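Residue strings, one per chain:
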Amino acid sequence: MKLPRPAIGSTTLSLLVAAWMIFVVNDAFWTRTVAAFGDHRQALMAFAIGISALLTVLAISVTLKYISKPIFIIALFSAAAAAWFMEKFGVIIDIDMIRNAAQTTSSEAGHLMTPAFFRHMTVYAVLPSLLVALVRIRHRTFGAKLKWNTALVVPLLLLTLVMTLWQYPAIASTLRNNRIIIKTLNPVSPIFNAVKFAFVEDNNRKIVAQPLDTDAKPGPLIAKADRPVVTIIVAGETARAQNFSLGGYPRKTNPELEKRDIAYFNNASSCGTATAISLPCMFSLLPRAGYSHEAGLAQENVLDVLAHAGNEVTWWENNTGHKGVASRLPARDFSAENDPRFCIRHECRDQVMIDALGPWLDAVDGNATLVLHQLGSHGPAYYARYSEEERLFRPDCRSAEFAACTSEEIVNAYDNTIVATDRMLAQIVDMLAARSDRIASAMIYMSDHGESLGEKGLYLHGMPYMFAPSEQTRIPAIMWLSESYSRIFGVTTACLQGQADEPISHDNLFHTVLGLMDVKAAHYDAGLDITTGCRTPSS
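Notes on the structure follow. This one's a predicted model, so the numbers in the text were calculated from it and none came from an experiment.

What about the packing of helix 1 (residues 10–23) against helix 4 (residues 68–89)?
Contact geometry of helix 1 with helix 4 gives a least axis separation of 11 Å together with a crossing angle of 10 degrees. Viewed along their axes, helix 1 and helix 4 adopt a mutual orientation that is roughly parallel. On the side of helix 1, the interface is formed by Leu13, Ser14, Val17, Trp20 and Met21, while helix 4 contributes Phe72, Ala75, Leu76 and Ala79. Residues belonging to the contact of helix 1 with helix 4 are distributed by class as follows: eight nonpolar, one polar and no charged.

Structure, rendered in structure tokens:
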């Protein structure tokens, strides 16, 4: 027996969908809008009416036979998912965030797909989509639909125009000073950025990296060195400077590094707020102000230049991928190896790389650079990033659902991830120091970006840089040099410590790494090499 399906007019359905978008899944947009307009009540009312009218116009405009249901269902799912992440974590679904999502791993995605997320999607996406799929839409003939829709759309557009003109100065100035508002309009902004990402990525696949400094060569000091020179670059993940006790944080999150003779740079900033941007940018010649994803793909990076100069260059991966940085280099993926001592379902604690580091160092027989890409402090499952031994701060959040934890528990869990990184870096220092009779070594650590832990209602990272709080852009940076390295190159840790408060950024990494490995290259800029001011005249 065939069950009867309720019928509804196409215009009525579009108005209901528009109302759902306006009143149900746009809390983040309306919260920011109300805060931005403040006491300008008339301007707020005019803007709200105008935006609501435009969303209604969009819904009416797609009420065409055979395509309205798929479009409405896609919009409902997109809006529900975007609403969850914008409201729970304060993120913005821009093209960079979509790129991060596209490049993530199943393990990382699994921490975000929590039971609460699925309950949210059931209520705000699945159920309304089933209703849309269930109903039988009554469509007018094309001519009648055109006339009817025009009769609705034109007054709505005129209403938007009248509202805008009425309060134009207040609306224009508010939007100019709060451009983030439109970026939260749901589902318009997420869908627009997803379509834009698809077109951009299609073009990006055709980009070929142009060679950079292929004539790079070893400098005179490394050529005369009496032992191999090794630099370890640790690319950190989601570590923010505010929670490093080396920089003044009152909790002892760096108990091991505080015992080592390291230089900590207290005023460092990142290139971006998400790995997909920051990681390739930090190894690129391009400065943050001139960097774009496309420009980064179109040019080799500092690791390629090191290889051109004859160095052995290797990338070790324990995160969500090298983002193209190591495309032309040998790489090892620890998450793919899934060592059961350190890994659960292809997600590994960073100690897995320490376990492999000793044998690698013992096998080094020439100048070499090794990059360790950490999983570090990646959230929201902070608890999975550290061992029981590194669980210094309790009670800690043992869930990927922040709603299940207090603010104190979230911070405790995050601080434990910094303790784990502290231990890892101290172990690297000790392993290099123990081999100082055979190799001259240096270690440099920089996080890719920071993290929000509830400040200003924000969690995680990925805010557009121009709107990002300092918690997402201030990063820790550390350098250590062996005695044999200092003897050969004339750079001392004590001198670097004297520059601890000087501003540095990811812009410095390209040139500093070339300086550490004494590589002579056309694009090397001594003014951006952190070690330049600490080199003795003879070096």
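Concerning the pairing of strand 4 (residues 229–236)
With respect to burial, strand 4 is a largely interior element, eight of its eight residues being buried. Residue alternation in strand 4 divides its side chains into two sets, Val229, Thr231, Ile233 and Ala235 and Val230, Ile232, Val234 and Gly236, and both sets are buried. Bridge count for strand 4 against strand 11 (residues 440–447) is eight bridges, and the pairing is parallel. Across the sheet, Ile233 pairs through a bridge with Ile444, a residue of strand 11. Examined bridge by bridge, strand 4 and strand 10 (residues 368–373) share six bridges and lie parallel to one another. When the sheet's bridge partners are listed, Ile233 is paired in strand 10 with Val371.

Observations regarding the sheet that holds strand 7 (residues 331–333)
In spatial order, the strands read 7-6-10-4-11-14-5-15; together these eight strands make up an open sheet with mixed pairing. Two strands close off the open sheet at either side, each with one partner strand: strand 7 and strand 15 (504–505). In the packing of helix 13 (residues 275–283) onto the sheet, contacts are made with strand 4, strand 6 (312–317), strand 10 and strand 11, and the angle to strand 10 comes to roughly 165 degrees. With respect to the sheet, helix 22 (residues 509–516) is in contact with strand 4, strand 11, strand 14 (474–481) and strand 15, its orientation differing from that of strand 11 by roughly 170 degrees.

The rules behind the values
Residues numbered from 1 in each chain as written. Predicted model: local features only at pLDDT ≥ 70, side-chain atom pairs only at ≥ 80, totals over all residues. Heavy atoms only, no water. Axes fitted to C-alpha atoms, helices over the stretch in contact; angles between N-to-C directions. Helix = DSSP H or I, 4+ residues; strand = E, 2+ residues; numbered from the N terminus. Parallel < 35°, antiparallel > 145°, perpendicular 65-115°, else oblique. Contact = heavy atoms within 4.5 Å. Nonpolar A, V, L, I, M, F, W, Y, C, P; charged D, E, K, R; others polar. Buried < 20%, exposed > 50% of the residue type's maximum accessible area, 1.4 Å probe, protein only. Pairing = 2+ DSSP bridges.

All we've got here are geometric facts, nothing functional implied.
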